[in-house]
Protein chains: 2
Amino acid sequence: MFEVRERDGLARIGVMDTARGRVTTPALLPVVNPNRPIIPPADLGRRFHAEILITNAYILGKGPTRESVLRQGVHDFLGFPGPIMTDSGAFQSHVYGDVDVTNAEVIEFQKRIGSDFGTMLDLFSEPSHDLARASDDVDETIRRAKEAASLRGEMELIGAVQGGLHAEVRERCAREVSGLDVSVCAIGGVVPLLERYRFRDLVRVIVASKTGLDPSKPVHLFGAGHPLVFPLAALLGCDLFDSASYAKYARDGRMLFPDGTRHASDLRESGCVCPVCEAHPMGAIAASEVLLAEHNLHVCFGAIREVRRAIAHGDLWELVERRARAHPSLLVALRELRRHDEFLETFEPTSRRGAMYYVGPETAHRPILHRFRRRLAERYVPPAAKGVIVLPEGERPFGERYGALIERILETADVHPVVKSIWGPVPIELDHVWPMAQSIVPETLDVEALEAAEVFFREWAAGTGYPFGLLWEGDATLDELRLRAPGGRHVDWNASRIRATADFQFGRGASDALLDGSVSYVISKNMGKIRNVVVDGEHVLSLRAEDGLFTLKSEGARRLHRAFAFPRLRIVVDAESVPFHRDGKNVFAKFVRDADPDMRPGDEALVVSPDDELCAVAQSSMNRSEMRAFKRGVAARVREGVPRSPSVPPR
Amino acid sequence: MFEVRERDGLARIGVMDTARGRVTTPALLPVVNPNRPIIPPADLGRRFHAEILITNAYILGKGPTRESVLRQGVHDFLGFPGPIMTDSGAFQSHVYGDVDVTNAEVIEFQKRIGSDFGTMLDLFSEPSHDLARASDDVDETIRRAKEAASLRGEMELIGAVQGGLHAEVRERCAREVSGLDVSVCAIGGVVPLLERYRFRDLVRVIVASKTGLDPSKPVHLFGAGHPLVFPLAALLGCDLFDSASYAKYARDGRMLFPDGTRHASDLRESGCVCPVCEAHPMGAIAASEVLLAEHNLHVCFGAIREVRRAIAHGDLWELVERRARAHPSLLVALRELRRHDEFLETFEPTSRRGAMYYVGPETAHRPILHRFRRRLAERYVPPAAKGVIVLPEGERPFGERYGALIERILETADVHPVVKSIWGPVPIELDHVWPMAQSIVPETLDVEALEAAEVFFREWAAGTGYPFGLLWEGDATLDELRLRAPGGRHVDWNASRIRATADFQFGRGASDALLDGSVSYVISKNMGKIRNVVVDGEHVLSLRAEDGLFTLKSEGARRLHRAFAFPRLRIVVDAESVPFHRDGKNVFAKFVRDADPDMRPGDEALVVSPDDELCAVAQSSMNRSEMRAFKRGVAARVREGVPRSPSVPPR
């Protein structure tokens, strides 16, 4: 039902195909209060382009509306032809302490009114609940999820994730519930956090839930309707949001904005460009609950579209970091993210188009930079030298700026040049690798960013074995340097760049395998940069100008396949699909058996049979957990099929 | 012609009354290209609410349009009934190297076509020009400004400020030109800075210009049409912006956004809520230069309205700090502002409604906090004690959080409690003063903010004479503390708060003058806070709950008048207006002769005659330079008239 089209961070632009139409995610589901629908549901579709609505089955089933909705069905009752999600009453149990309906009754009622997405009746975990209480309640929620799954019939089911602030309980609930026959997983119990601006706790709750969730299922963040949180929640992998805020705030005379909330009566101008604010004077808006609700809807839908725009462009992290400045509590939440880098990194695409912008000292802690520093420590082999020469960060790419100076230094002293960038150390051979060459950084920096650069550098340098005494930071003369690190050598920059990039991208030792033989290059005429790497007459690698990384050719794939043991760099597909990949057909997730745990979206991949026979070279679009979970969508785009090797006897 | 209604930073919401209608500032003047008016000028008024346009007299006078515009006049020619500003050709001289027209000719042509605001032909200072060149060119610009002023007739004249990157030349040009008979001062020569994102240089240029400019004249930032720079430029005192960008970018397929520029063809959704983006699919927008221009106009006008909203709400600094995250070069510009704190501080209002939000480590360097720290050092008298006890920052207001603990400590040891806040040290008696009690700060902070707090504290502590050895940061027990600072005492918190606040607000010694006698308080029933201070039976001061500062009563004013010598705390008005102020009438700027150089907008003020006879107590709405410059508007709102004192013989 759910298929991912584009991704950034844990966010994804996806489509949910329903019998009543397609929903593009991230999506906003306006809440329709059946007793007080301030904007007619038909208008939500026609004028606000809502693709799906949400209303409350518990309220529908209790009130005077019960008989009409049972007779008409929820779509006719609301006058909305598209898909409708219904909530169950769990939130009402949070507000009123209890509800007088059972899980089975609520499921049955939702089926009878024709809900497209019906919600189980979970137990609401309050943030104040202790571990034992949260765990017991989650046991019951899981039991009810199983019951609901057995009762759902044709209705798509929404399984709820509860567990309060207890990460291990959240994760367990997420794992159990998303393993059931549910179509959507909903993270519940977050409204008390949102109401009190506890965005750091929100981050912890979402990350714990996502850690347990089946990544192939769309995730609904129940009750999150303020545009302030959309970018952050989407970045962490929430796909659906429901907004009652547009109406509730309007009743209260308040206007939503991407950076917060303001009382309409405090404003002479809203500073907003939405059709309501463009067409009406502020006094008229402030006096009209409908106009306020319409403004709020415009802003909420706009914020969702802005998130989708950022995902498509690959700069959602920038949007989140910028938006975090709207409230100190969001900034605290942003600073929490680095604690979850190990998890977040596994979903981060290898590179993207365009530059990476410095937004604040938090930028250096993005998962992509965490990965860069880790791969550098694990995979990059520093050349034998008596020390490093540390180059201050300058205009990028580094090599071009420092070229002549570096040549002279290297002929003088036996040192290796490394740039102390604010993202971490960058050996000069890797200065074209994304995002190092594609960063836009202020000329003057805050203390935290400078200190982080220092820490990153020292941590790396400590692992290289270079004696610290030979660090040089641009203040020694060439003569002094020669005394400290006698020697000097000529460096073949092209060869160094290729070796370092290959090890960095594919793993330590990859360069030995890929470049074993007589190496030559094809240099681009325009830029004078390496384009292709040819070994013993065979095209092995192409270097991409946009991100400084290699595209693997089939001969390169063969070499890596020989050099690296299973499952390194592999995607293992079903035996039946092997011939298709040899023919150049893409790898669909449903035919993937397994993959390298270190595989990341965007990485080059060896597509192999269950017997580890190489059948194609591809670029992955998922990580391992996603490949194993998804039943729809492309797991990897095949670049070239690899014919059956004549040297391998058929089995 | 120009009158200020509200203010924040150097920004102001003002009105310019013209024969053809009122213009509210900050205002955006869409540029109409007479040869290619992509949006009809009448639509700019009707649909986009443009109150004023700008077009180019040089182009009008050169082209085939010359005869028509001379015959019809510029308003009929463009079909726009409101005020029209015309530019002179100076920018064309930047683009083409020279123009074949004289200053006198351009002025004459603008008069003949009926321009409401005509521009002199200044010499464009390029950023690359050296001091000598810039200075010589500015001599000629000043000469031409004088010539233009003599020729302007009934046309309102725009005087240009040039001088490239040379602050002293900019300031001289600004002073000379704004001293002439010109209605608007335009800061020119900034387009090359904007094109290259040299926003730090833009800050330097605007600040240098504003330092020289007559503050009563509206300031046009010539060629600044991207919404990215509106908040920053407005904060620094620019009132008018002209945008050709909306049309130029549209021609290029690019869309403006408050956070930057994007190519329409790169987008599937814009993420914008403007009427164009709400009504048309992205493909249609990308294909239509007119729709792109309309989108760009919506966004530009929206950004100007957002600036006005922030000025009215007093949170323009927050908007600027947030928007600075949109591009690293804007962040560098933001970090430049602290270098100009001495100048910026003189325009900063005393307090505002609502909280101050931490946005980033730059927030601590806002002029209002610079002032707080300076007034603390200069005016606050630390009580005699053997040391300070340093309290970590917690929830505000401090006193309420630490109340019981502090009482015990003070009874034990002879120390004085001071909070080490990230805005600077806050002696506990001042913890209600704006913005200390009204700040919203993240729970976790970046290194730069923490280091700044440390530096601010140490600088202040060094001036107090408290021995450093007695600093205590919450890790000593009461017993240890008693050993280090033997003593202990009872503190009357109400008395301490009043004394400290009075000195802080009015100057060292003010508390002695104000509280000389038998002091009693009126305490608010709801909050238990001091409301009124009564001395010897007379109501002297009222403490405002919203900003923790005093409103001065007439008896308080008499006491301060006696205690502080001329011109301290004074606004000196013309003799003829004295009786009106005694009657409670406001002080208009045109009747102000002089004022205390330390007077700030929002400060309490003694209104005095030229003979220094007290005639009213007021709240200023301008600083001294503004009171002396403005011929329109209220310089101070009189709270109470003060009758002629019987003890002072009439002169």
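Computed from a predicted structure; not experimentally measured. (Residues numbered from 1 in each chain as written. Chains lettered and ligands numbered in written order. Predicted model: local features only at pLDDT ≥ 70, side-chain atom pairs only at ≥ 80, totals over all residues. Heavy atoms only, no water.)

Undergrad: I'd like a rundown of the overall build of chain A, residues and numbers included.
TA: Looking only at helices and strands, chain A has 27 helices and 28 strands in total. The C-alpha radius of gyration of chain A comes to 28 Å, within 12% of the 26 Å expected for a compact globule of 651 residues. Going through the 651 residues of chain A one by one, you find that 63% of them count as buried. Across chain A, every contact between residues at least 6 apart in sequence was considered, and the portion connecting residues at least 24 apart equals 68%. Per element, the accessible surface of chain A, about 24200 Å² overall, is 50% carbon and sulfur. (Helix = DSSP H or I, 4+ residues; strand = E, 2+ residues; numbered from the N terminus. Rg over C-alpha atoms; globule rule 2.2 N^0.38 Å. Buried < 20%, exposed > 50% of the residue type's maximum accessible area, 1.4 Å probe, protein only. Contact = heavy atoms within 4.5 Å. Areas by Shrake-Rupley, 256 points an atom, 1.4 Å probe, with all protein chains shown as cover.)

Undergrad: Break down the pattern of salt bridges for me, citing the residues and quoting the values.
TA: All names here are of chain B. For the structure shown, the criterion picks out 119 salt bridges over all chains. Note that D116 and R20 form a salt bridge whose closest N and O atoms lie 3.5 Å from each other. With a gap of 96 residues between them, D116 in the loop between helix 6 (103-113) and strand 7 (117-119) and R20 in the loop between strand 2 (11-18) and strand 3 (21-25) connect regions that are remote in the sequence. Given a relative accessible area of 38%, R20 falls into the partly exposed group. (Salt bridge = Lys/Arg side-chain N within 4 Å of Asp/Glu carboxyl O.)

Undergrad: Describe the nonpolar core, naming the residues involved and giving the relevant values.
TA: Nonpolar side chains in soluble globular proteins generally cluster together in the buried interior. A:L221, A:F241, B:L221 and B:F241 are the most contacted members of the largest nonpolar core, which has 298 residues in total. Look past the residues within four positions of B:F241 in its chain and what remains in contact with it is B:P26, B:A27, B:L28, B:L29, B:H220, B:L221, B:A224, B:F230, B:A233, B:A234 and B:I304. (Core = buried A, V, L, I, M, F, W, Y, C linked by side-chain atoms within 4.5 Å.)

Undergrad: Account for the confidence of the model for chain A, naming residues and giving values.
TA: On average, residues of chain A score 92 in pLDDT, and 96% of them reach the 70 mark or higher. Here the predicted complex scores 0.95 on pTM and 0.93 on ipTM. (pLDDT = per-residue confidence, 0-100.)

Undergrad: How would you sum up the interface of chain B and chain A? Please name residues and give values.
TA: Chain B puts 47 residues into the contact, and the matching count from chain A is 47 residues. Interface area for chain B against chain A, summed over the two sides, is near 4300 Å², with a carbon-plus-sulfur share of 48%. Scanning the region where chain B abuts chain A turns up nine salt bridges. Residue A:E278 pairs with B:R305 through a salt bridge whose shortest N-O separation is 3.4 Å. Among the elements that take part in the side of chain B that touches chain A, helix 15 (residues 289-313) of chain B stands out by supplying eight residues, more than any other. A per-class count over the side of chain B that touches chain A returns 21 nonpolar, eight polar and 18 charged. (Buried area = accessible area lost by both parts, 1.4 Å probe. Nonpolar A, V, L, I, M, F, W, Y, C, P; charged D, E, K, R; others polar.)

Undergrad: Any details on helix 25 (residues 554-563) of chain B? Residues and values, ideally.
TA: Burial within helix 25 of chain B is extensive, with seven of its 10 residues counted as buried. Among all positions of helix 25 of chain B, only B:S554, B:E555, B:G556, B:A557, B:R559, B:L560 and B:H561 are buried.

Undergrad: Describe the packing of aromatic side chains, listing the residues and the values that go with them.
TA: The geometry of an aromatic ring pair is captured by the separation of the ring centres together with the interplanar angle, meaning the angle of the planes. Residue and element names in this part refer to chain B. In the structure shown here, the tally under the stated rule is 14 aromatic pairs over all chains. Pairing Y197 with F199 gives two aromatic rings, centres 5.2 Å apart and planes at 50°, and the pair type is tilted. On the accessibility criterion, Y197 (31% relative accessible area) is partly exposed. Ring centres 5.0 Å apart and planes at 45° place the aromatic pair F230 and F241 in the tilted group. Placement of the pair is F230 in helix 11 (residues 230-235) and F241 in strand 11 (residues 240-243), with a sequence separation of 11 residues. (Phe/Tyr/Trp six-rings, centres within 6.5 Å; stacked < 30°, edge-to-face > 60°.)

Undergrad: Mind laying out the sheet that holds strand 15 (residues 388-392) of chain A, listing which residues take part and the relevant values?
TA: Residues and elements named next belong to chain A. Read from one edge to the other, the open sheet built from three strands follows the order 15-16-17, with strand pairing classed as mixed. For this open sheet the edge positions go to strand 15 and strand 17 (424-427), each flanked by a neighbour on one side alone. Between one strand and the next, the sheet's axes are offset by a mean angle of 35°, whatever the strand orientation. Running over the sheet, helix 21 (residues 447-464) touches strand 15, strand 16 (416-421) and strand 17 and is turned about 145° from strand 16. (Pairing = 2+ DSSP bridges. Axes fitted to C-alpha atoms, helices over the stretch in contact; angles between N-to-C directions.)

Undergrad: Break down the environment of A:G584 for me, citing the residues and quoting the values.
TA: All names here are of chain A. On the secondary structure map, G584 appears in the loop between helix 26 (578-582) and strand 24 (587-588). For G584, a relative accessible area of 33% gives the class partly exposed. Between the alpha carbons of G584 and G641 there is a distance of 4.7 Å; along the sequence they are 57 residues apart. Ignoring anything within four residues of it in the chain, the contact list for G584 reads V638 and G641.

Undergrad: A description of the environment of B:I39 should follow, citing residues and the corresponding values.
TA: All names here are of chain B. Along the polypeptide, I39 turns up in the loop between strand 4 (27-32) and helix 1 (41-46). Once the C-alpha coordinates of I39 and A312 are considered, the two residues, 273 residues apart in sequence, prove to be 30 Å apart. Those residues in contact with I39 that sit more than four places away from it in its chain are L44, F48, Y246, V290, A293, E294 and L297.

Undergrad: Tell me about the sheet that holds strand 1 (residues 2-8) of chain A, and name the residues and values.
TA: All names here are of chain A. Read across the sheet, three strands follow the order 1-2-3 without closing on themselves; strand pairing throughout is antiparallel. Looking at which strands have only one partner, the edges of the open sheet turn out to be strand 1 and strand 3 (21-25). On average, adjacent strands in this sheet sit at an angle of 15° to one another, irrespective of strand direction. Two strands pair when backbone bridges link them, and strand 2 (residues 11-18) and strand 3 are joined in this way by five bridges, in the antiparallel orientation. Each bridged residue has a counterpart across the sheet, and for G14 the counterpart in strand 3 is T25.

Undergrad: So what's going on with the relation of the copies chain B and chain A? Residues and values would help.
TA: Each copy superposes on the other: chain B lies on chain A with an RMSD of 0.0 Å after a rotation of 180° and an axial shift of 0.0 Å. What the rotation and shift describe, once combined, is the action of a two-fold rotation axis. (Least-squares fit on C-alpha atoms with pLDDT ≥ 70 in both.)

Undergrad: Give me the packing of helix 8 (residues 167-178) of chain A against helix 10 (residues 199-212) of chain A: which residues, what numbers.
TA: Residues and elements named next belong to chain A. The contact between helix 8 and helix 10 brings their axes to 7 Å, and the two run at 40°. When the interaxial angle is binned, helix 8 and helix 10 end up oblique. Taken as a pair, helix 8 and helix 10 cross one another with a handedness that is right-handed. Taking contact as the criterion, the partners of A167, R170, E171, A174, R175 and S178 in helix 8 are, on helix 10, V205, A208, S209, T211 and G212. Residues belonging to the contact of helix 8 with helix 10 are distributed by class as follows: four nonpolar, four polar and three charged. (Parallel < 35°, antiparallel > 145°, perpendicular 65-115°, else oblique. Left-handed = near helix turned anticlockwise from the far one by under 90°.)

Undergrad: An account of the pairing of strand 17 of chain A is needed here, citing residue identities and associated values.
TA: Note: strand 16 of chain A against strand 17 of chain A, four bridges, orientation antiparallel. Bridge pairing in strand 17 of chain A links A:V419 to A:V426.

Undergrad: I'd like a description of helix 17 (residues 328-336) of chain B, backed by residues and values.
TA: Burial of helix 17 of chain B is extensive: eight of the nine residues sit out of reach of the surface. Residues of helix 17 of chain B that are buried: B:P328, B:L330, B:L331, B:V332, B:A333, B:L334, B:R335 and B:E336. In the core, the buried residues of helix 17 of chain B are packed alongside strand 14 (356-357) and strand 18 (439-440) of chain A together with helix 10 (199-212), helix 11, helix 16 (316-323) and helix 21 (447-464) of chain B.

Undergrad: Lay out the pairing of strand 5 (residues 53-56) of chain B in plain terms, naming residues and giving numbers.
TA: Residue and element names in this part refer to chain B. Here strand 5 shows two buried faces, one formed by L53 and T55 and the other by I54 and N56. Pairing of strand 4 with strand 5, which is carried by two bridges, proceeds in the parallel orientation. Paired with V31 across the strands is I54, a residue of strand 5. A crossover connection joins strand 4 to the parallel strand 5 through helix 1; in handedness this β-α-β unit is right-handed. When strand 5 meets strand 6 (residues 84-87), the two strands line up parallel, connected through four bridges. Following the sheet pairing, T55 is matched in strand 6 by T86. (Right-handed = clockwise from strand over helix to strand, strands pointing away.)

Undergrad: Any details on the side chain of B:E336? Residues and values, ideally.
TA: Residue and element names in this part refer to chain B. With respect to the helices and strands, E336 occurs in helix 17. In this structure the side chain of E336 is engaged in a polar contact, spanning 3.0 Å, whose partner is the side chain of R204. Discounting chain neighbours no more than four positions away, the residues touching E336 are R200, V203 and R204. (Polar contact = N/O pair within 3.5 Å; in protein donor to acceptor, adjacent residues only side chain to side chain.)

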